[in-house]
Amino acid sequence: MFLEKIFSKGNKENQVIGHITKQIKLLCTACGFFKTALETDNLNLMRQIMDIERSADNIRRDIISKIYEGAFLPYLRPDLCKFVEIVDSIFDLLKDTGYRYLDLKLPDQLKSECVQVAFLNRRICEMLLITFESMLKGEDLREKILAIRIYEKKIDDIKFDLIRDARKIEITNFWDGEILSQFLSCLTSISDVIEDASDHLQIIHVSMK
Amino acid sequence: MKVKEFMTTNIESIGYKRSAYHAVEKMVNRRIRCLLVRFPGKEKEYGVITARDVVFKVLAKGIDPKKIEVSKIASKPIVAIDQNTDFKEVAKIMEESNIARAFVCDQDRIIGLVALMDVMSAAIIARARGEHVS
Amino acid sequence: MWKIISGIFLGWSLGANDCANIFGTGVTTGIVKYRTAILLTAIFVLIGSIIEGPKCMRIVSNLSRLVPIEAFLCALAAAITMTILTYFAIPASTSQAIIGAVIGAGILSESADFSKLIKIVACWILTPIGGIIFGYLLYYGLKFIFDKTVPTLTYRNTIYAVGIIVAGCYGAYSLGANNVANVTGIYVGSGLLSCQMAGFIGGLSIASGALTYGKKVMLTVGKGIAPLDPFTALVTVLAEALTLHLFTQIGVPVSSSQAVVGAVVGVGIVGGVRTLNPKILVKIAVGWLMTPFAAGFMAMIFIYVMPA
């Protein structure tokens, strides 16, 4: 039992860490696809995000089962799993946003702001990856988490403008309006969940000190 | 980090003949601190009016804002920075011109605004990303 | 020879009662499996008893002049007191029980050496203080070392896991070394056993107590006193082991429970936070106060009542 722990030199832990890194990198890719798909109105690319979400789900299951097979102290496990679940929920949110996009015709007045948000979403995911890697090294996370907050605040500001501009658009069909509203809502809440995830990394970091 | 990454794209503008009062209304309503002033002419001419201009040049002097044109208190020409400028350069330009905000342009089109807060945020993000901030 | 049975009984109840101080936090935070914990405790207690057990036996055996039957009854009185306290899941001190019983017997036979008693009581008082000091110092010391040498998450994780197990083994060793004198020290004084034999038999009895009955108390110590994360759990056990080992060198058997509570307080002081549960502390204090008197009176009654 514990002898295994010493001799495996943290093998299980490294596997888990590898998987989580893969999960976050996949998230960055998905956000990148989303931004490009939005910019170029590429529906096929948008659909690929659904496939990515399915792969991410598999990765999540792998991570959780590896953790409970004996990686990391039992003390850490719930927080790690919570983090993984939060990251997974971002994929779901991205997928929902993609679905809405496929269902609507994005008004031109809103397009540039939406692309800006999508771009910032990608940036904030990259920052999450950087934060995770720093946490592994045991470094102080304050700077990185502040950077994530800055991105989130920027997106919030754009959201305010988006809603204001969206209100100027004439809606003739309730469902068109509803889907547009959901699209904007999903798009702008991705950064909130990422901020949540980064807060969780801070929790894990502090609990091991 | 390029300035286009951390600029605000929400720019409000106002015609040069409008009153200072109209400018105040717009700035207070939208909670922004400056407006782009549009001047007539074939060459796109711009000026800028800030909260400082209104307070120092109009309100402090006891002038009725409804009776003074924006063109009288705006500053010309504006400082415009290319969208691909690095934020450290932006900081330098702002320091040299002693301004708290500058416009960002793509060729001759104004596409955004960058303020001191944005430059600071860019510095934090650059550090966090591991880009060297000297 | 049958007279050593009460000592074995005493050792058994000591093992059951005190093994929680060593691996209690490790088990309740899920770092060590219960079965691993008691196995390791048993092994290292035995080793400690054999190697350094004799160091504390002199003071116990010289406290009162006892004939073998009196030794038997003292150990019996102490054992019964301890069993009752264990049943109510109150961590209590075997040292205080046996010393109380021996003094009780000594009072009856007018051979009690009160000057030695003063040294013993002084050490009892210093035990939690020692625990506090070691706890406080180790917290900062280890934190500094770990931050400098093991910053990464995976290494930290391994260090904590390995550390708690190693600290636990050291704690068990210290327990055996220090407390075996409580269990069989009186038989050395009354001539029934040699020091080495006393260490061996005493160690075996403590080990058996840990193996068979330690679970209930283990759950109280781990959960009841303070919420501990892996690092503070490690520091606490290490501080307790060091304290006990120190008093072993001084030659006085002391209470591992008191050392552990001292260690937890010491660590709590670092955070400046109320990490302790007052209700459990009161329960412990009551047990500690009652133990020597209860054991002493019981011993006196046994000896008095026994046909000469």
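Residues numbered from 1 in each chain as written. Chains lettered and ligands numbered in written order. Predicted model: local features only at pLDDT ≥ 70, side-chain atom pairs only at ≥ 80, totals over all residues.

Regarding the overall build of chain A
Here's step 1: Counting its regular elements, chain A contains seven helices and zero strands.
Here's step 2: Of the regular secondary structure in chain A, the N- to C-terminal order runs α-α-α-α-α-α-α.
Here's step 3: Each principal axis of the C-alpha distribution contributes one length, and for chain A these read about 70 × 30 × 25 Å.
Here's step 4: Evaluated residue by residue, chain A yields a buried proportion of 41% over its 209 residues.
Here's step 5: Put simply, 83% of the contacts in chain A that link residues at least 6 apart link residues at least 24 apart. (Helix = DSSP H or I, 4+ residues; strand = E, 2+ residues; numbered from the N terminus. Buried ≥ 20, exposed ≤ 12 C-beta atoms within 10 Å, placed from the backbone. Contact = placed C-beta atoms within 7 Å.)

Observations concerning the overall build of chain C
Here's step 1: Within chain C one finds twelve helices and zero strands.
Here's step 2: Scanning chain C from its N terminus toward the C terminus, one meets helices and strands in the order α-α-α-α-α-α-α-α-α-α-α-α.
Here's step 3: For chain C, whose C-alpha radius of gyration is 19 Å, the value lies close to the compact-globule estimate of 19 Å for 308 residues.
Here's step 4: Here chain C holds 308 residues, and 64% of them are scored as buried. (Rg over C-alpha atoms; globule rule 2.2 N^0.38 Å.)

What to know about the interface of chain C and chain A
Where interface size is quoted, it is often the accessible area lost as the parts come together.
Here's step 1: Chain C puts 18 residues into the contact, and the matching count from chain A is 19 residues.
Here's step 2: Per-element accounting of the side of chain C that touches chain A gives the leading share, nine residues, to helix α7 (residues 153-189) of chain C.
Here's step 3: The class makeup of the residues in the side of chain C that touches chain A is eight nonpolar, seven polar and three charged. (Nonpolar A, V, L, I, M, F, W, Y, C, P; charged D, E, K, R; others polar.)

Description of the pairing of strand β5 (residues 101-106) of chain B
Residues and elements named next belong to chain B.
Here's step 1: Across three bridges, strand β4 (residues 80-82) lies against β5 in parallel orientation. Looking at the pairing, A80 lines up with F103 of β5.
Here's step 2: Between the parallel pair β4 and β5, the chain is carried across by helix α5 (residues 87-97), and the sense of this crossover is right-handed.
Here's step 3: Here β5 folds back onto strand β6 (residues 109-115), and the loop between the two strands holds two residues, one of which, Q107, carries a positive phi near 60°. (Pairing = 2+ DSSP bridges. Right-handed = clockwise from strand over helix to strand, strands pointing away.)

What about the arrangement of the chains?
Here's step 1: Of all two pairs of chains that touch, the greatest number of contacts is found between chains A and C.
Here's step 2: The closest approach of any C-alpha atom in chain B to one in chain C is 19 Å; the two make no contact.

Let's talk about the sheet that holds strand β3 (residues 45-50) of chain B
Residue and element names in this part refer to chain B.
Here's step 1: As summarised here, the arrangement of the three strands in space is β1-β2-β3, forming an open sheet in which the pairing is mixed. Of all the strands in the sheet, just β1 (13-15) and β3 have a single pairing partner and so form its edges. In this sheet, neighbouring strand axes are inclined to one another by 35° on average, regardless of whether the strands run parallel or antiparallel.
Here's step 2: Inspection of the sheet shows strand β2 (residues 34-39) paired to β3 by six bridges, in the antiparallel sense. Bridge pairing in β3 places C34 opposite T50. (Axes fitted to C-alpha atoms, helices over the stretch in contact; angles between N-to-C directions.)

With respect to the sheet that holds β4 of chain B
All names here are of chain B.
Here's step 1: The strand order across the open sheet built from three strands is β4-β5-β6, with neighbouring strands paired in mixed fashion. The sheet terminates laterally at β4 and β6, the two strands that pair on one side only. On average, adjacent strands in this sheet sit at an angle of 40° to one another, irrespective of strand direction.
Here's step 2: Bridge count between β5 and β6: six bridges; the pairing is antiparallel. Its bridge partner being in β6, C105 is matched across the sheet by I110.

What about the nonpolar core?
Here's step 1: Within the largest apolar cluster, 182 residues are counted, with the highest numbers of intra-cluster contacts made by C74, A77, A78, A101 and A299 of chain C.
Here's step 2: Sequence-distant contacts of C74 of chain C, that is, excluding residues within four places in its chain, are made with L66, I98, A101, V102, A105, I186 and A299 of chain C. (Core = buried A, V, L, I, M, F, W, Y, C linked by C-beta atoms within 7 Å.)

A closer look at the packing of helix α2 (residues 11-40) of chain A against helix α4 (residues 77-103) of chain A
Residues and elements named next belong to chain A.
Here's step 1: Their axes nearest at 11 Å, the elements α2 and α4 cross at an angle of 15°. For the element pair α2 / α4, the angle class is roughly parallel. In the packing of α2 onto α4, the handedness of the crossing is left-handed. Counting all contacts with α2, which are made through I20, Q23, I24, L27, A30, C31, F34 and L38, the residues of α4 involved are V84, V87, I90, F91, L94, G98 and Y101. (Parallel < 35°, antiparallel > 145°, perpendicular 65-115°, else oblique. Left-handed = near helix turned anticlockwise from the far one by under 90°.)

Topic: unusual backbone geometry
Here's step 1: The residue after K76 of chain B, namely P77 of chain B, is reached through a cis peptide bond having omega -20°.
Here's step 2: Tracing the backbone shows P77 of chain B in the loop between α4 (70-73) and β4.
Here's step 3: Positioned with a positive phi, D41 of chain A is a non-glycine residue whose angle comes to about 55°.
Here's step 4: The residue D41 of chain A is located in the loop between α2 and α3 (43-68) in this model.
Here's step 5: Classification of D41 of chain A as exposed rests on a count of 12 C-beta atoms within 10 Å.
Here's step 6: Within the chain, Q107 of chain B stands out as a residue other than glycine whose phi angle is a positive 60°.
Here's step 7: In this structure, Q107 of chain B sits in the loop between β5 and β6.

Digging into the packing of helix α1 (residues 5-28) of chain C against α7 of chain C
All names here are of chain C.
Here's step 1: Contact pair α1 / α7: the axes reach a minimum separation of 10 Å and the direction vectors enclose 160°. The angle between the axes of α1 and α7 places the two elements in the roughly antiparallel class. The element α1 and its partner α7 pack so that their crossing is right-handed. Only I164, G168, G171, A172, L175, N179, N182, V183, T184 and Y187 of α7 make contact with α1, whose side of the interface consists of G7, L10, G11, L14, D18, I22, F23 and G26.
Here's step 2: Of the residues contributing to the contact of α1 with α7, the split by class is nine nonpolar, eight polar and one charged.

Description of helix α6 (residues 114-149) of chain C
Here's step 1: In a regular helix each residue adds 1.5 Å, so 36 residues correspond to 52 Å; α6 of chain C covers 50 Å between its end C-alpha atoms and thus fits that length.
Here's step 2: Maximal helix bending in α6 of chain C amounts to about 30°, located at L126 of chain C; proline P128 of chain C follows within four positions. (Expected span 1.5 Å × (residues − 1). Bend = angle between axes of the 7 residues up to and from the residue.)

Things to note about the environment of D79 of chain A
Residues and elements named next belong to chain A.
Here's step 1: Within the element layout of this structure, D79 appears in helix α4.
Here's step 2: Between the C-alpha atoms of D79 and H200, which are 121 residues apart in sequence, the distance is 7.3 Å.
Here's step 3: D79 has contacts with H200, I203, I204 and S207, leaving out every residue within four places of it along the chain.

Some remarks on the environment of I67 of chain A
Here's step 1: In this structure, I67 of chain A sits in helix α3.
Here's step 2: It is 39 Å that separates the C-alpha atoms of I67 of chain A and E39 of chain A, two residues lying 28 residues apart in sequence.

Things to note about the environment of F72 of chain A
Here's step 1: Note that F72 of chain A resides in the loop between α3 and α4.
Here's step 2: Since 25 C-beta atoms lie within 10 Å of it, F72 of chain A is described here as buried.
Here's step 3: Between the C-alpha atom of F72 of chain A and that of G10 of chain A, which follows or precedes it by 62 residues, the distance is 8.4 Å.
Here's step 4: Apart from the residues lying within four places of it in its own chain, the contact partners of F72 of chain A are E13, I67, R77 and L80 of chain A together with N157 of chain C.

Focus on the confidence of the model for chain C
Here's step 1: Summing up the model confidence of chain C, the mean pLDDT is 83 and the portion of residues at 70 or higher is 91%.
Here's step 2: Here the predicted complex scores 0.82 on pTM and 0.77 on ipTM. (pLDDT = per-residue confidence, 0-100.)

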